[in-house]
Amino acid sequence: MTSSTLDAPINATETHPSLEELWMPFTANRAFKRAPRMLVAAKDMHYITADGRQVLDGTAGLWCVNAGHCRDSITAAIRDQASIMDYAPPFQMGHPLAFELAQELARMLPEGIDHVFFGNSGSEAVDTALKIALAYWQSKGEPERVRFIGRARGYHGVGFGGVSVGGIEANRKQFAAQLLPAVDHIPHTHDLAHNAYSRGQPTYGADFADALDALIDKHGAHTIAAVILEPVAGSTGVLIPPTGYLEKIRATCDRHGILLIFDEVITGFGRLGAAFAADKFGVVPDMMTVAKGITNATVPMGAVCARHAIYDTVVNNAPAGIELFHGYTYSGHPLAAAAGLATLEVYRSEGLFERAASLESYFADAVHALRGSPHVIDLRNIGLVAGIELEPRAGAPGARGFETFLKCFELGVMVRSTADTIALSPPLIVEKSQIDQMFETVAQALRTVD
Ligand SMILES: Cc1ncc(COP(=O)(O)O)c(C=O)c1O
């Protein structure tokens with residue numbers, strides 16, 4: 001790292017504010033505040049900590065900084081836009097950048113998906129997609145189609161809709177009394193007995209998709225609005241779809257006229273070595289939710305991308321007036337739109353999705369070289385995503401994963417732990433030597449963790 005601001009250590013005791021007032025999200029607040037891990041600067045592949053250490057970013061922040069940190073053209077676009085027009089209301093008013101970003105995004109999307117509704121996060125995108133599904137069936141004259149089908153271990157953000165269709169039990173427990181009523185879940189596809197140490201897509205498990213037929217038999221297709229799933233589940237610990245599974249889900253939805261929503265909040269924008277998971281797997285949904293990499297995480301933004309027919313049905317079939325009673329104060333915010341346009345240009349001009357594809361095999365070799373390391377019970381990879389599953393410590397599930405994360409951070413690499421799976425998803429600008437550093441560090445950490 002060359003930037004002089006990054007070379008200057010920050011004196012933690014002088015610069016830290018009180019840690020008490022901030023209620024931190026998805027964090028063990030008390031433990032963190034006893035031993036904080038503070039990041040104060042970032043450039044390209046690295047963070048700098050408050051005590052001046054350089055940490056290699058093995059996770060693209062939170063699966064979102066796909067082009068690397070503080071990219072000059074993106075930060076300049078945000079700065080420029082902030083001084084031209086800071087904000088414009090999106091209801092009954094417009095500004096050109098939001099339209100331009102929708103058009104640029106539509107050019108990247110799979111054929112047939114060509115309309116974009118903006119929000120500010122993945123969670124908002126998911127709730128928006130569920131609402132659009134309901135609006136679609138009402139406009140089509142099938143208002144009884146209200147049921148949603150998600151998947152066990154799915155993560156779709158934290159809105160009530162997203163938590164309802166999501167399948168991570170810890171996220172549902174505190175709110176279970178008020179989740180959406182008409183939701184079912186099909187099983188996840190994680191099957192270590194058949195698929196441990198798969199390279200790329202596992203070969204066993206297309207038939208997990210048959211659970212969808214069973215739910216259709218139970219409720220009747222005429223009651224089901226949409227199926228939502230992550231093509232590759234990220235937050236639950238990197239679950240890669242078996243060969244043929246997504247194809248079967250798509251075929252079943254087609255047979256019964258059910259909408260298929262891919263939550264591409266993590267898999268979008270090159271993460272798998274293609275623009276979207278839909279391209280990687282050759283399975284095109286009816287709607288896609290995106291966020292994170294759309295602005296390289298610089299300004300919050302999310303979006304629902306919908307097929308032409310969905311827009312046509314909800315908007316062009318409606319009587320005059322507002323067609324969808326939904327939107328956010330910051331839908332298509334000018335700073336996010338400027339950041340998004342600059343980000344898509346970086347992806348394009350630097351060929352970052354192709355770069356991710358060209359690194360996939362090297363990355364896979366590095367992942368699978370961990371076989372035999374202490375505690376490892378599975379290694380999985382796709383694109384620039386790795387899951388390293390550890391045997392849980394008896395009586396303390398998740399402890400080994402978290403301690404491995406802490407040790408890697410101490411050794412200068414940021415990884416992510418979800419329960420006892422370590423996930424890696426570096427920015428797409430990662431160098432081979434940095435891939436080596438990431439996995440050597442994980443190996444070293446595993447040797448020290450009980
Ligand atoms: C698949 C998926 N959907 C939705 C979300 C929620 O996004 P956000 O945290 O921006 O609301 C995430 C976040 O990680 C995600 O991985």
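Just so we're clear, the structure is a prediction, and the values are computed from it rather than from any experiment.

## Describing the sheet that holds strand β11 (residues 376–382)
Point 1. Ordered in space as β11-β12-β15-β14, the 4 strands form an open sheet in which the pairing is antiparallel. In the strand order of this sheet, the two ends are held by β11 and β14 (416–418), each with one partner. Each adjacent strand pair in this sheet contributes to an overall mean axis angle of 20 degrees, direction not counted.
Point 2. Taken together, the 3 bridges between β14 and strand β15 (residues 421–424) define a ladder with antiparallel strand orientation.

## Digging into the site of the ligand
Point 1. Around the ligand, the neighbouring residues are S121, G122, S123, Y155, H156, G157, E230, S235, D263, V265, I266 and K292.
Point 2. Considered on its own, the ligand offers 390 Å² of accessible surface; in the complex 84% of this is hidden by protein.
Point 3. Here the shell around the ligand is composed, by residue class, of 3 nonpolar, 6 polar and 3 charged.

## So, the packing of aromatic side chains
Where two aromatic rings form a pair, the distance of their centres and the angle of their planes describe that pair.
Point 1. Summed over all chains, the structure comprises 9 aromatic pairs.
Point 2. Ring geometry for Y87 against Y330: centres 5.9 Å apart, planes inclined by 85 degrees, an arrangement best described as edge-to-face. Of this pair, Y87 sits in the loop between α5 (72–84) and α6 (96–108) while Y330 sits in the loop between α14 (308–316) and α15 (334–349), placing them 243 residues apart in sequence.
Point 3. On the basis of relative accessibility, which here comes to 45%, the residue Y330 falls in the partly exposed class.
Point 4. Consider the rings of Y136 and W137, whose centres lie 4.8 Å apart with planes at 70 degrees: the pair is edge-to-face. Per residue, the accessibility class of Y136 equals that of W137, and both read buried.
Point 5. What links up through ring pairs into an aromatic cluster is the set F269, F276, Y347 and F353.

## Here's the deal with the nonpolar core
Point 1. Of all hydrophobic cores here, the largest spans 95 residues; its most connected members are L105, V227, I249, F269, F276, I388 and F439.
Point 2. The leading source of residues in this core is α15, at 10 residues.
Point 3. Every residue in contact with I249, bar those within four places of it in the chain, is listed here: I186, A209, L212, V227, L229 and L260.

## Re the confidence of the model for the protein
Point 1. Taken as a whole, the protein shows an average pLDDT of 96; of its residues, 96% reach a score of 70 or greater.
Point 2. In this model, residues 1–6 is a region of pLDDT below 50 whose contacts with residues beyond four sequence positions or in other chains number 12 contacts.
Point 3. Counting interchain partners and residues more than four positions distant, the pLDDT-below-50 stretch residues 8–14 has 8 contacts.

## A few points about the packing of helix α16 (residues 352–368) against helix α18 (residues 432–448)
Point 1. Between α16 and α18, the least distance of the axes is 10 Å, while the angle of their chain directions is 20 degrees. Regarding the angle of α16 to α18, the classification is roughly parallel. Here α16 and α18 pass one another in a crossing that is right-handed. Facing L359, Y362, F363, A366 and V367 of α16, the residues of α18 in contact are K432, I435, D436, M438 and F439.

## Considering the pattern of salt bridges
Point 1. All chains considered together, the criterion is met by 21 salt bridges.
Point 2. Residue D207 is joined to K248 by a salt bridge in which the shortest nitrogen-to-oxygen separation is 2.8 Å. With D207 in the loop between α10 (192–195) and α11 (210–219) and K248 in helix α12 (residues 245–256), this residue pair connects regions lying 41 residues apart in the sequence.
Point 3. Residue class for K248 comes out partly exposed when judged on its relative accessible area of 29%.

## Quick look at the sheet that holds strand β2 (residues 46–49)
Point 1. Taking strand neighbours across the sheet as the criterion, the 4 strands line up as β1-β2-β3-β13 in an open arrangement whose pairing is mixed. Two strands in the sheet have a free side with no partner beyond their single neighbour: β1 (39–43) and β13 (413–414).
Point 2. Note that β1 and β2 share 4 bridges and pair antiparallel. Bridge assignment links L39 to a residue of β2, and that residue is T49.

## A word on the pairing of β15
Point 1. Of the two faces of β15, the one lined by T421 and A423 and the one lined by I422 and L424 are each fully buried.
Point 2. Where strand β12 (residues 385–390) lies against β15, 4 bridges are found, and the strand directions are antiparallel. Bridging across to β15, G387 finds its partner in A423.

## Description of α15
Point 1. Taking 1.5 Å of rise per residue, 16 residues should cover 22 Å, and α15 covers 22 Å from first to last C-alpha, within 8% of that figure.
Point 2. Within α15, 13 of the 16 residues are buried, which leaves it mostly tucked inside the rest of the structure.
Point 3. G351 lies just past α15 and shows a positive phi near 55 degrees.

## Re the side chain of H95
Point 1. Along the chain, H95 turns up in the loop between α5 and α6.
Point 2. For H95, the side chain forms a polar contact with the main-chain oxygen of G332, separated by 2.7 Å.
Point 3. Dropping the residues within four chain positions of it, H95 is found in contact with M85, A88, G332, H333, P334 and A337.

## Section: the packing of α6 against α15
Point 1. Contact pair α6 / α15: the axes reach a minimum separation of 9 Å and the direction vectors enclose 30 degrees. The handedness of the crossing between α6 and α15 is left-handed. Contacts between α6 and α15 involve L97, A98, E100, L101, E104, L105 and M108 from the first element and P334, A336, A337, A338, G340, L341, L344 and R348 from the second.

## Here we look at the environment of S73
Point 1. By the secondary structure assignment, S73 is in helix α5.
Point 2. A residue is classified by how much of its surface remains accessible, and S73, at 42% relative accessible area, is partly exposed.
Point 3. Put simply, S73 and T343 are 270 residues apart on the chain and 8.1 Å apart in space, counted from C-alpha to C-alpha.
Point 4. Excluding residues that lie within four positions of it along the chain, S73 makes contacts with A342 and V346.

Calculation criteria
- Residues numbered from 1 in each chain as written.
- Predicted model: local features only at pLDDT ≥ 70, side-chain atom pairs only at ≥ 80, totals over all residues.
- Heavy atoms only, no water.
- Pairing = 2+ DSSP bridges.
- Helix = DSSP H or I, 4+ residues; strand = E, 2+ residues; numbered from the N terminus.
- Axes fitted to C-alpha atoms, helices over the stretch in contact; angles between N-to-C directions.
- Near = heavy atom within 4 Å.
- Areas by Shrake-Rupley, 256 points an atom, 1.4 Å probe, with all protein chains shown as cover.
- Nonpolar A, V, L, I, M, F, W, Y, C, P; charged D, E, K, R; others polar.
- Phe/Tyr/Trp six-rings, centres within 6.5 Å; stacked < 30°, edge-to-face > 60°.
- Buried < 20%, exposed > 50% of the residue type's maximum accessible area, 1.4 Å probe, protein only.
- Core = buried A, V, L, I, M, F, W, Y, C linked by side-chain atoms within 4.5 Å.
- Contact = heavy atoms within 4.5 Å.
- pLDDT = per-residue confidence, 0-100.
- Parallel < 35°, antiparallel > 145°, perpendicular 65-115°, else oblique.
- Left-handed = near helix turned anticlockwise from the far one by under 90°.
- Salt bridge = Lys/Arg side-chain N within 4 Å of Asp/Glu carboxyl O.
- Expected span 1.5 Å × (residues − 1).
- Polar contact = N/O pair within 3.5 Å; in protein donor to acceptor, adjacent residues only side chain to side chain.

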